[in-house]
Structure formats: structure tokens, C-alpha cells
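# Coordinate inspection notes
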Amino acid sequence: MKNKINEIKKVNMKNVLQEKDLQLNETSKKYKRIVLLSTKVTFYIIIISFLVYKKPFEKELQEKNKEIENIKRHLNKLIIEKDQLYSKIQIQNNTLQNQIFLLRNQNSKYENDIILNKSINNELNDQLKSYQKDLKNKNKEFQHKSDIFMKQITNFEDIINKYKKEINEKEFIINSLRDRINVNVKELQEIKSELLKNNSTLLLNLRGGNYEENKLSFLDKEYFYDKNFYNKYNMVSNETFNKLGYSLIFQTHSLEKGLSHFKLRPFGKEKIKAIIRILKAELKYNNHERHFYFINGINALREYKKIYEKYKWIKRSEYKIVSRFLKYYRYIEEQKTGAYILTKEELKNDYSIDYKKFIKSRHSTRNYKNLKLKFDDIKKAVEMAKYSPSACNRQYIKLHYYPTGKMKQNVIDYSIGKSGLYLEGVNTFIITFDVNGLRGVGERNQGYFNAGLFSTNLVNAFHSLGIGTCFIQFNNSSEQEEKLKKINDIPSNERIAVILYAGYYDDKSIFARSPRREFEDYFMEHK
């Protein structure tokens, strides 16, 4: 590149010199022609004047001679200037020649450096290829060992899961037997007490006891089923991707609540450690980086980091932990998390509706148009219902839709209390809750509560779209629940909360008035 620039400079300078030489030559020729012409004219004038008007024009001849002298002097002056200019050009030309010589020397040096660098580069390339080859072989060796190790881990996990399953099954049997023994002991004690009180009524008590025993056994069986189901599928029973996801949402929501204060202080060191631990645990599952759980967790940590930067808490250990972890996940898509502020006026714009009128206009509907619900209408309703309150934002409610076919008939067959309903035009739903999202003894009934919140908002959303609904309470036995789940493709870790019938409002609908009790029957103030 430098050589090309130098060559261009040389060519430009030569062109300039040539142009200046041409200009000087032309100027010199021009003045010579002028002098020659002037001399000839003057000479002819003098001869003519001399021959014709010799005496009267002597003075004029003298003046012309003077002019010729002046022109000669001017011409000499121009010649001197030309010589000076040529001398300057010669000096500049010499200077340029010296610069060209220096540039050629530099160019030679650069060419030698380039040759040397090429030689060094070739050596480095050879070394790099050798290193790459060694690295590739080592990677293959490492990958082979890693595959063997992962297979061993997988086999080990399979064995552990197998043992856990066996342990859970044995625990289920042991717990059932223990509970049954406790019930039997209690019944024997009651029978013994009755025998001691009154021998005359022993036979009647025993006959009545058989009936009560059967009744109690059914109730015990359902309670034992609930207990063992919860023990098997709750969030902390064993590790699955689904349970890790709910646990991650639980922790990130806890972090968000910590950010939802006007006066913040450093907090959450253990929470962020738990979130990072769960995120790392999810790495072994496929497509984890595109899942809501993972994206939500990464963005919660980002928001936490931004708050620490805003308040200049960047020297704290929890900030450094989060920063180190997040630098590997810059490519994860952005999602709004954390907290935000709304003014009272902004809230007023949203809640200024006649909610009482709307809520009173919704009734249990038992006749519908014979139409399948549009997918867009279902999606709109669910998009509204999903904003229902949810325990620590875990959102473990599921909506299973059966518009037609055998599965729809299964829902109808297992529905209790469906008399008087127009079944041909009905669209059936089963609302369930995922027990994987529950944790701790205190949450064993939380799923039904959250399903109720979601279901209430869902039927109101349907109502806003011109769709009538009717709840069908699911008070079936655990055995019937398991059968319905199996034939209608409901995952084993979910429990059925309620069945919902829905359809577009007919031209006319008839509703039960269902009077409501007074305010005082609902409300009790305690002082």
C-alpha cells in the first residue's frame, strides 16, 4: 500500500515539473516572437520614415528606439526570472529524487520485513495446526470419556429413580397399613368400650359398626390416596424439570417481592444462590434455554443486578455472584420482570367499570347454541384468566379442552349433576392443578383454591365474550379420577379440580334465580 502511494506521488511530481517547463517554454517563445515582430515593425517604420519623412520623424525614431530598449530590458528580466524558476524547479526535483531514494530504501526494508513476517507466520500456522490437531484429539478423548461418564450418571440416576419409586411404593403400602392398623385399633377400643357399657346392645352395635366401618373405610381410603398422591408428586419429593421449573418461579417471585419496595436495601443473597443452583440443575434438560422457567430466572437475576448497579452496591458479594453467572447468558431473550410503579390515576382508568352489573349478569347456563367454540375466543378467555392470583406466581393450573368425540363423551359420562343440561351443543373442559407445583404440608389443599381462582376468572372472561358456562363439581372417587385421567390424556401428576361446560349463548336463555343471602350472613367484624 505504501509503495503504491509513493509511486503515485512520483508520477504527480513529474507531471507538475513537465507542466511548469511547458509553461516557461511557451512564455519564452511568446516574448521572443513579440520582440522579433516589434523589431521588424520598428525597423520598417524607421526605413520608411527615413526615406519619406527623414527629418520630421527623427525624434519619433528615437522614441521608438527607447521603446525597443525597454522591451529588450523586459525580455532580459523575463529570461532571468525563467532561469530562477528553472533553478527552483531543479532544486525541488533534486529534493524529490532524494525522497524517492529514501522511500525506495524504506520499501526494500518493508519488503524484507514482509518476507520475514511471512516466514514467521508460516511457522506459527504450522504450530497452530499442530495445536488444533492435538486439541481435536484431546476433545475427542474428553468427549468419549464424558459420554462414558454421562452414561454412568444416567444409569446411576435410573437406578436411584428405580429405588425411589420402589421406596415410594413401599412407603405408600406401609403408610396405608399403618393408617389402617391405627383405625382398626381405634375401632377395637370403641367396640371394647361399648361392650363394657352395655352387653345387651352388643349385637346391634356390631351390626351398625359393620355399616359404619364400610363407610369409614371408603373415607379413609380417599384420605390415604390424597396423602400418598401428594407425597409422591409434590415439588420436593424428587427432581424433575417440571418441579425445578415451579421451584424456580417460587424463588424468582420471592426475589421480585423483595424488589417491590420504595425503600430498598441489599438483600437476597441466599435467594440468588438458590436460583443459580436451580438454573444449573436445569442445564441437563433439553431446550431449557427456550423455556419460560429458564428465561424468567435469567431475567429476574438481570433485574436484581440492575438494582444493585442503580444503588451502587456493586462491591457486595451477591452482586459479584450474579454478574459472574450472567455473563454466560447474554444471549437469553429479554423479559420484563422485577417491579414497576402505577399512580392512583392510572389505576383508576382501569377499575372504573360497573363490575357489580357485569358480575350479576353472569349465571350458570344450561342451554347453548350447537357450535364449537372458536379457538380465538378460548385463547382470549385464557389470556384474561391467566392473570388470576397464583400462589407465588407458580401458575400450575391447566385447562384441558374436549370439544367433540370420545373424550368429550368420557367427560360427560363422569360428570355428576348434569341433568337438565343441553349436552349436544356443550363444549367440555377439565380444570386441573399440577401437584408438582406444591410444596410443604401447608399447601396440600392449595391446588383446589388456586383452581377456584382461575376458574372464576375464566367463566367471567367467557361471559365477556358471549359464552355461557356451568360448573360441574367433581366429587368423584379417586378411582374414577384416575380412570378419567388415563382415558383423557391427563398427566398422572395432575389432579382434577372441576369440570366446566361452555357454549355460545342461545337467542334465549333461562336461568335459575338463585337468591343470595344478606350481607350480614357473609360478613363478621371482630373487634
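Residues numbered from 1 in each chain as written. Predicted model: local features only at pLDDT ≥ 70, side-chain atom pairs only at ≥ 80, totals over all residues. Heavy atoms only, no water.

This brings us to the nonpolar core. Counting residues in each nonpolar core, the largest one holds 60 residues, and the members touching the most others are Leu279, Ile298, Leu301, Phe325 and Leu458. Counting residues per element, this core draws most heavily on helix α6 (residues 292-310), which supplies nine residues. Among all residues touching Leu301, those that are not within four sequence positions of it are Ile272, Ile275, Ile276, Leu279, Val322, Phe325 and Leu326. If you look at the next biggest cluster of nonpolar residues, it comprises 16 residues, including Val411, Val426, Cys470 and Leu484. (Core = buried A, V, L, I, M, F, W, Y, C linked by side-chain atoms within 4.5 Å. Buried < 20%, exposed > 50% of the residue type's maximum accessible area, 1.4 Å probe, protein only. Helix = DSSP H or I, 4+ residues; strand = E, 2+ residues; numbered from the N terminus. Contact = heavy atoms within 4.5 Å.)

Counting buried residues along strand β4 (residues 494-504), eleven of its eleven residues qualify, which places the element largely inside the surrounding structure. Bridge analysis of strand β3 (residues 467-473) against β4 gives seven bridges, and the strand direction is antiparallel. Bridging across to β4, Ile472 finds its partner in Ile499. (Pairing = 2+ DSSP bridges.)

Positionally, Glu222 belongs in helix α3 (residues 202-233). The side chain of Glu222 is buried and forms no salt bridge, while Lys221, the nearest opposite charge, is found at 5.6 Å. Polar side-chain contacts of Glu222 include one of 3.0 Å to the backbone nitrogen of Ser478. Those residues in contact with Glu222, other than ones at most four positions away along the chain, are Ser477 and Ser478. (Lys, Arg positive; Asp, Glu negative; His and termini not counted. Salt bridge = Lys/Arg side-chain N within 4 Å of Asp/Glu carboxyl O. Polar contact = N/O pair within 3.5 Å; in protein donor to acceptor, adjacent residues only side chain to side chain.)

Attention now goes to the layout of surface pockets. Size it by volume and the largest pocket reaches roughly 1200 Å³. Secondary-structure elements contributing two or more residues to the lining of the largest pocket are α4 (241-259), α6, α10 (375-385), β1 (397-402) and α12 (446-464). Looking at the lining of the largest pocket residue by residue, the classes come out as 17 nonpolar, twelve polar and six charged. (1 Å grid on protein atoms, 1.4 Å probe; cavity = no way out; pocket = protein on both sides within 12 Å on 5 of 7 lines; lining within 4 Å. Points joined across faces, edges and corners; volume = space filled by probe spheres on them. Nonpolar A, V, L, I, M, F, W, Y, C, P; charged D, E, K, R; others polar.)

With that settled, the discussion passes to a positive patch on the surface. There is a patch of like positive charges on the surface, built from Lys315, Lys320, Arg324, Lys327 and Arg330. Note that Arg330 resides in the loop between α7 (317-326) and α8 (344-351). (Patch = residues over 30% accessible without salt bridge, like charges linked within 9 Å, V, L, I, M, F, W, Y side chains within 5 Å. Areas by Shrake-Rupley, 256 points an atom, 1.4 Å probe, with all protein chains shown as cover. Charge placed at Lys NZ, Arg CZ, Asp CG, Glu CD.)

Scanning the entire structure with this criterion turns up 16 aromatic pairs. Through successive ring pairs, a cluster of aromatic residues spans Phe267, Tyr304, Tyr308, Tyr311 and Trp313. In this arrangement the basic side chain of Arg439 is found over the ring face of Phe250, its NZ or CZ atom lying 4.3 Å from the centre. Of note, Arg495 hangs over the ring of Phe229, and the distance from its end group to the ring centre comes to 5.3 Å. (Phe/Tyr/Trp six-rings, centres within 6.5 Å; stacked < 30°, edge-to-face > 60°. Lys NZ or Arg CZ within 6 Å of the ring centre and 35° of its normal.)

Two elements in contact, helix α5 (residues 269-282) and α7, have axes whose closest approach is 10 Å; the angle formed by their N-to-C orientations is 20°. Taken as axis vectors, α5 and α7 run roughly parallel relative to one another. Crossing hand, α5 versus α7: left-handed. Between α5 and α7, the residues in contact are Lys269, Ile272, Lys273, Ile276, Leu279 and Lys280 and Ser317, Glu318, Ile321, Val322 and Phe325, respectively. Tallied by class, the residues present in the contact of α5 with α7 amount to six nonpolar, one polar and four charged. (Axes fitted to C-alpha atoms, helices over the stretch in contact; angles between N-to-C directions. Parallel < 35°, antiparallel > 145°, perpendicular 65-115°, else oblique. Left-handed = near helix turned anticlockwise from the far one by under 90°.)

It is worth spelling out unusual backbone geometry at this point. Phi at Lys312 is positive, roughly 60°, even though this residue is not glycine. Relative to the helices and strands, Lys312 is located in the loop between α6 and α7. Phi is positive for Gln395, close to 50°, though the residue is something other than glycine. As for its position among the elements, Gln395 is in the loop between α10 and β1. Take Gln395: its relative accessible area is 36%, and that puts it in the partly exposed class.

This next bit is on the confidence of the model for the protein. Across the protein, pLDDT averages 81, with 80% of residues at or above 70. Across residues 198-213, where pLDDT falls below 50, the model places five contacts with residues more than four positions away in sequence or in other chains. (pLDDT = per-residue confidence, 0-100.)

Quick look at the sheet that holds β3 now. Overall, antiparallel pairing links the four strands, which are arranged β1-β2-β4-β3 in an open sheet. The strands lining the two open edges of the sheet, one partner per strand, are β1 and β3. Strand after strand, the sheet turns through a mean of 30° between neighbouring axes, direction not considered. Here eight bridges tie strand β2 (residues 427-434) to β4, and the two strands are oriented antiparallel to one another. Paired with Thr432 across the bridge in β4 is Ile496. Packing against the sheet, helix α11 (residues 405-413) makes contact with β1, β2 and β4, and its axis sits at approximately 75° to β2.

Buried within helix α13 (residues 478-487) we find Ser478, Glu481, Leu484 and Lys485. For α13, the angular spread of buried residues about the axis comes to 125°, placing them on one side. Downstream of α13 by a residue or two, Asp489 has a phi angle that is positive, lying close to 60°. (Arc of directions from axis to C-beta.)

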